[in-house]
Amino acid sequence: MLLALLVSGLVVALVVIGLFVFGLRRRLIQRSGGTFDCSLRWGVAEAPDLSGKGWVYGVARYGGDRVEWFRVFSYSHRPRRLLERSSIEVVARRAPEGEEELALLSDAVVLGCLHEGTRLELAMSEDALTGFLAWLEAAPPGQRVNVA
């Protein structure tokens, strides 16, 4: 009986510590500012996949001429994807459809992009989208900007 209580207490403590570390990591990512909630689907086909599969919830952060994208449910302090401003081409913009509505945040807008030849989709709020498109268009003189 004592062993079962000890093991249960240990499991609860590990869960609490794990949740604390997730929260601390997100706080450290957001500390420098310029962050927004952004779901990502990498390597998608040209026709939109409305099944809702492949979306990964994350946090994106502006860092100079790139956007660093971090998975929310990860312990890594490094970004999972780096999107260079000069390599991003916006090709489509749409509202989530079908089962995508369940996989994404309620106010999300889906932005179809090409990044160095790879098709990807970003889903973010309308406010975050406005900031993202403004950031893309604010490229230094001489850089190519492709916003549809």
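Keep in mind it's a predicted model, so treat the numbers as computed, not measured.

Examining the side chain of arginine 85
Phase 1 of the analysis: Within the element layout of this structure, arginine 85 appears in the loop between strand E5 (81–84) and strand E6 (88–94).
Phase 2 of the analysis: Arginine 85 gets classed as buried once you look at its relative accessible area, which sits at 8%.
Phase 3 of the analysis: Of the polar contacts made by the side chain of arginine 85, one reaches the backbone oxygen of glycine 64; its length is 3.5 Å.
Phase 4 of the analysis: Within polar-contact distance, the side chain of arginine 85 engages the side chain of aspartate 65 at 2.4 Å.

Quick word on the UniProt feature "transmembrane region" (unreviewed entry) in the chain
Phase 1 of the analysis: When the UniProt feature table is mapped onto this chain numbering, "transmembrane region" (unreviewed entry) sits at residues 6–24.
Phase 2 of the analysis: For the annotated span residues 6–24, helix accounts for 100% and strand for 0% of the residues, and the straight-line distance between the end C-alpha atoms is 27 Å.

Observations regarding a nonpolar patch on the surface
Phase 1 of the analysis: Nonpolar side chains collect at one region of the surface, where Leu3, Leu6, Val7, Val11, Val15 and Leu19 lie side by side and expose about 600 Å² of accessible area between them.
Phase 2 of the analysis: Along the chain, leucine 3 turns up in helix H1 (residues 2–30).
Phase 3 of the analysis: Judged by its relative accessible area of 63%, leucine 3 falls in the exposed class.

Thoughts on the pairing of strand E4 (residues 66–71)
Phase 1 of the analysis: Examined bridge by bridge, strand E3 (residues 58–63) and E4 share 6 bridges and lie antiparallel to one another. Across the sheet, residue tyrosine 62 finds its bridge partner in E4, namely valine 67.
Phase 2 of the analysis: Taken together, E3 and the strand that follows it, E4, pair antiparallel across an intervening segment of 2 residues, in which glycine 64 is found at a positive phi of about 70°.
Phase 3 of the analysis: As judged from the 4 bridges shared by E4 and E5, these two strands associate in the antiparallel manner. Its bridge partner being in E5, tryptophan 69 is matched across the sheet by arginine 81.

Rules used throughout
- Counting of residues starts from 1 at the beginning of each chain's written sequence and follows it residue by residue.
- With the structure being a predicted model, the display of local features is reserved for residues of pLDDT at least 70 and the display and counting of side-chain atom pairs for 80 or more, all residues being used for whole-chain, interface and lining totals.
- Based on all heavy atoms of the structure, the side-chain values leave hydrogens and waters out of the count.
- Only runs of H or I of at least four residues qualify as helices and only runs of E of at least two qualify as strands under DSSP, and these elements are numbered from the N terminus.
- Working definition: with a 1.4 Å probe on protein chains only, accessible area under 20% of the residue-type maximum means buried, over 50% means exposed, and in between means partly exposed.
- By the criterion applied in these results, polar contacts are pairs of N or O atoms within 3.5 Å in which, for protein atoms, one can donate a hydrogen and the other can accept it, and in which residues neighboring in sequence qualify only through two side-chain atoms.
- UniProt positions are given in the numbering used here, feature names are shortened, and annotations may be inferred rather than shown by experiment.
- For patch detection, residues must exceed 30% relative accessible area and be free of salt bridges, and they are connected within 9 Å for like charges or within 5 Å for nonpolar side chains (Val, Leu, Ile, Met, Phe, Trp, Tyr).
- Per-residue accessibility takes into account occlusion by the displayed protein chains alone, with areas from the Shrake-Rupley method and a 1.4 Å probe.
- For this document, the term salt bridge refers to a Lys or Arg side-chain nitrogen within 4 Å of an Asp or Glu carboxyl oxygen.
- One requirement defines pairing of two strands: DSSP has to find at least two bridges between them.

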